[in-house]
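# Coordinates in review
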Amino acid sequence: MSEQESLRCSSARNRGGVQRVEGKLRASVEKGDYYEAHQMYRTLFFRYMSQAKHAEARELMYNGALLFFSYNQQNSAADLSMLVLEVLEKSETKVEDDILESLAKLFSRMEPNSPERVAFVSRALKWSTGGSGKLGHPKLHQLLAVTLWKEQNYSESRYHFLHSSDGEGCAQMLVEFSASRGFRSEVDMFVAQAVLQFLCLKNKNSASVVFSTYTEKHPSIEKGPPFVQPLLNFIWFLLLAVDGGKLTVFTVLCEQYQPSLKRDPMYNEYLDRIGQVFFGVPPKQSPSYGGLLGNLLNSLMGSGEDDDGAEEAQEDSSPIELD
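The model shown is predicted, which means the values in this text are computed figures rather than measured ones. Numbering of residues starts from 1 in each chain and follows the order in which that chain's sequence is written. Local features in this predicted model are restricted to residues of pLDDT 70 or higher, and side-chain atom pairs are both shown and tallied only at a pLDDT of 80 or more, whereas totals for entire chains, interfaces and linings draw on every residue. Heavy atoms from the whole structure form the basis of all side-chain values; hydrogens and water molecules are not counted.

## A word on helix 15 (residues 266–279)
Starting at the N terminus, helices and strands are each numbered in turn, a helix being any DSSP run of H or I of at least four residues and a strand any DSSP run of E of at least two. A helix is expected to span 1.5 Å multiplied by its residue count minus one. Compared with the 20 Å implied by 1.5 Å per residue over 14 residues, the 19 Å span of helix 15 between its first and last C-alpha is a close match. Any residue under 20% of the maximum accessible area for its type is buried, any over 50% is exposed, and the rest in between are partly exposed; the area is computed with a 1.4 Å probe on protein chains only. Within helix 15, the full set of buried residues consists of M266, Y267, E269, Y270, L271, R273, I274, G275, V277 and F279.

Shown next as structure tokens:
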């Protein structure tokens, strides 16, 4: 028997062993012996880990978590979910789409406001970037954003969309957010904030996609450009100016649209940053903002980042809720 055939046989035996163990654990849960079953899962987890059976440990904990979720045993399910992350961390497993999707599924089954969910998502995002302390893998952010959107948690969904590459999904969520929670007079402000924040994160492509998709799909926005709302015309011109890279165009544009930009005190702060990123404007010596407002801006855009492109910049700040 060749080495490859031997490995296949060994893998099949291990899979069969996991299935037998899962069958016994499932029977225990179905009888309502939740505590005993939870302890058995933990015992098996440490046994598999000590034997370096990382794939088996991850599969067992993942299926066990879903089983406990199906019986509304949130604490046990959340604990096993954290053990899934522990396997990924200790085995230095590479980031793959199927793993990110499994983590997002566990996240979706957790109680929305539970502290366990907060801890899980923070640790999952950290693992997805190799523990570098950056913001997390864009694909995982996108999956989390969709889950939060379904829960109508629009504010947190927007945060995760900002750190994904899904401008179209972000725009569709914002249309729903605006229609269900916003005033008709604010339809332009929802997309303006998102575009400016994407540009601050150097994600020019997503900024353009979110703007075009939002303005096409929002039922309260007449077809453009040009648009009825001056703020939308400003954003349209801004995206063109970013492509052109001419500082004089950017400067005149910001001056001409000051009445619209005064609607939100953050707009000019975002534009200061956009001027630095895309037009070579030097940073202000002493920022005109401070306190919570300054902390928000600094958190969104990170500190000490370089200009190596949108993908890196998406991950170069600290998790915050962007209202």
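## Description of the packing of helix 7 (residues 138–150) against helix 8 (residues 154–162)
Packing of helix 7 against helix 8 leaves a shortest axis separation of 8 Å and a crossing angle of 165°. It follows that helix 7 is roughly antiparallel to helix 8 by the angle criterion. The chirality of how helix 7 crosses helix 8 is left-handed. Contact residues: helix 7 offers H141, L144, A145, V146, L148 and W149, while helix 8 offers Y154, E156, S157, Y159, H160 and F161. In terms of residue class, the contact of helix 7 with helix 8 is built from eight nonpolar, three polar and one charged. Simply put, an axis is a line fit to the C-alpha atoms, just over the touching stretch for a helix, and the angle between two N-to-C directions goes from 0 to 180 degrees. Working rule for angles: under 35 degrees goes down as roughly parallel, over 145 as roughly antiparallel, 65 to 115 as roughly perpendicular, anything else as oblique. A clockwise turn of the near helix away from the far one marks a right-handed crossing, whereas an anticlockwise turn of less than a right angle marks a left-handed crossing. Only heavy atoms matter for contacts: two residues are in contact if any of them lie within 4.5 Å across the pair. Polarity classes work like this: nonpolar for Ala, Val, Leu, Ile, Met, Phe, Trp, Tyr, Cys and Pro, charged for Asp, Glu, Lys and Arg, and polar for all others, with Gly in that last group.

## Re the pattern of salt bridges
In the sections that follow, a salt bridge refers to a side-chain nitrogen of Lys or Arg positioned within 4 Å of a carboxyl oxygen of Asp or Glu. Counted under the stated rule, the structure contains six salt bridges. E151 is the partner of R117 in a salt bridge, and the nearest nitrogen-oxygen pair spans 2.6 Å. On the criterion of sequence distance, the pair formed by R117 in helix 6 (residues 115–128) and E151 in the loop between helix 7 and helix 8 is long-range, its members being 34 residues apart.

## A short note on the nonpolar core
Counting 48 residues, the largest nonpolar core has V195, Y214, F234, L238 and L271 as the members making the most contacts within it. Mapped onto this core, the elements with two or more residues apiece are helix 7, helix 8, helix 9 (167–181), helix 10 (187–200), helix 11 (204–217), helix 12 (230–244), helix 13 (247–256) and helix 15. Ignoring any residue separated from it by four or fewer positions in sequence, one finds F234 in contact with L253, C254, Y257, L261 and L271. Think of a nonpolar core as a cluster: buried Ala, Val, Leu, Ile, Met, Phe, Trp, Tyr and Cys residues, connected wherever their side-chain atoms sit within 4.5 Å. Membership of the second largest hydrophobic core comes to 40 residues, among which are V84, L106, F107 and W127.

## Examining the packing of helix 13 against helix 15
Running from N to C, helix 13 and helix 15 point in directions that differ by 170°, and their axes come no closer than 11 Å. Considering their axes alone, helix 13 and helix 15 lie roughly antiparallel with respect to each other. The two elements helix 13 and helix 15 meet at a crossing, and its hand is right-handed. Between helix 13, through L247, F250 and C254, and helix 15, the contact on the second element is made entirely by L271, I274, G275 and F279.

## A closer look at the environment of M173
Of note, M173 is situated in helix 9. A residue is classified by how much of its surface remains accessible, and M173, at 0% relative accessible area, is buried. For the pair M173 and Y214, spaced 41 residues apart in sequence, the C-alpha to C-alpha distance is 9.1 Å. Excluding residues within four positions of it along the chain, M173 makes contact with W149, Y154, S157, R158 and F161.

## Looking at a negative patch on the surface
Patch construction takes residues with relative accessible area above 30% that form no salt bridge. Like charges are linked within 9 Å, and nonpolar side chains (Val, Leu, Ile, Met, Phe, Trp, Tyr) are linked within 5 Å. Values of accessible area rely on a 1.4 Å probe in the Shrake-Rupley scheme; residue burial ignores everything except the protein chains shown. For the charge count, each Lys or Arg is scored as positive and each Asp or Glu as negative, with His and the chain ends excluded. To locate a charge, take NZ of a lysine, CZ of an arginine, CG of an aspartate or CD of a glutamate. A cluster of acidic side chains, namely E96, D97, D98 and E101, defines a negative patch on the protein surface. You can see D98 is positioned in helix 5 (residues 97–109). You can call D98 partly exposed: its relative accessible area is 48%.

## A short note on unusual backbone geometry
Backbone torsion omega between G224 and P225 reads 0°, so that peptide bond is classified as cis. For the bond running from P225 to P226, omega is -5°, close enough to zero to count as cis. Of note, P226 is situated in the loop between helix 11 and helix 12.

## Structural notes on the packing of aromatic side chains
In this description, an aromatic ring pair is defined by two values, namely the gap between the centres and the angle between the planes. The criterion for an aromatic pair is that two Phe, Tyr or Trp rings (for Trp, the six-membered ring) have centres within 6.5 Å, with stacked assigned to planes under 30 degrees apart, edge-to-face to planes over 60 apart and tilted to the rest. All told, the structure shown has 11 aromatic pairs when counted by the stated rule. For the pair F177 and F190, a centre-to-centre distance of 5.1 Å together with 80° between the ring planes defines the contact as edge-to-face. One end of the pair, F177, is in helix 9; the other, F190, is in helix 10, with 13 residues separating them in the sequence. Across the pair, F190 and F177 agree in class, each one buried. Put simply, the rings of F234, W236, F237 and Y257 touch in pairs and so form one group of aromatic residues. Whether a charge lies above a ring is judged from NZ of Lys or CZ of Arg, which has to be within 6 Å of the ring centre and within 35 degrees of the ring normal. Geometry around F107 places R117 over its ring, the cationic atom sitting 3.8 Å from the centre.

## With respect to the side chain of S157
Of note, S157 is situated in helix 8. Apart from residues no more than four positions distant in its own chain, S157 is found in contact with A145, L148, W149 and M173.

## Considering helix 9
Between its first and last C-alpha atoms helix 9 spans 20 Å; for 15 residues at 1.5 Å apiece the expected length is 21 Å, and the two agree. Every buried residue of helix 9 is accounted for by G167, G169, C170, A171, M173, L174, V175, F177 and S178. On its buried side, helix 9 packs onto helix 7, helix 8, helix 10 and helix 11.

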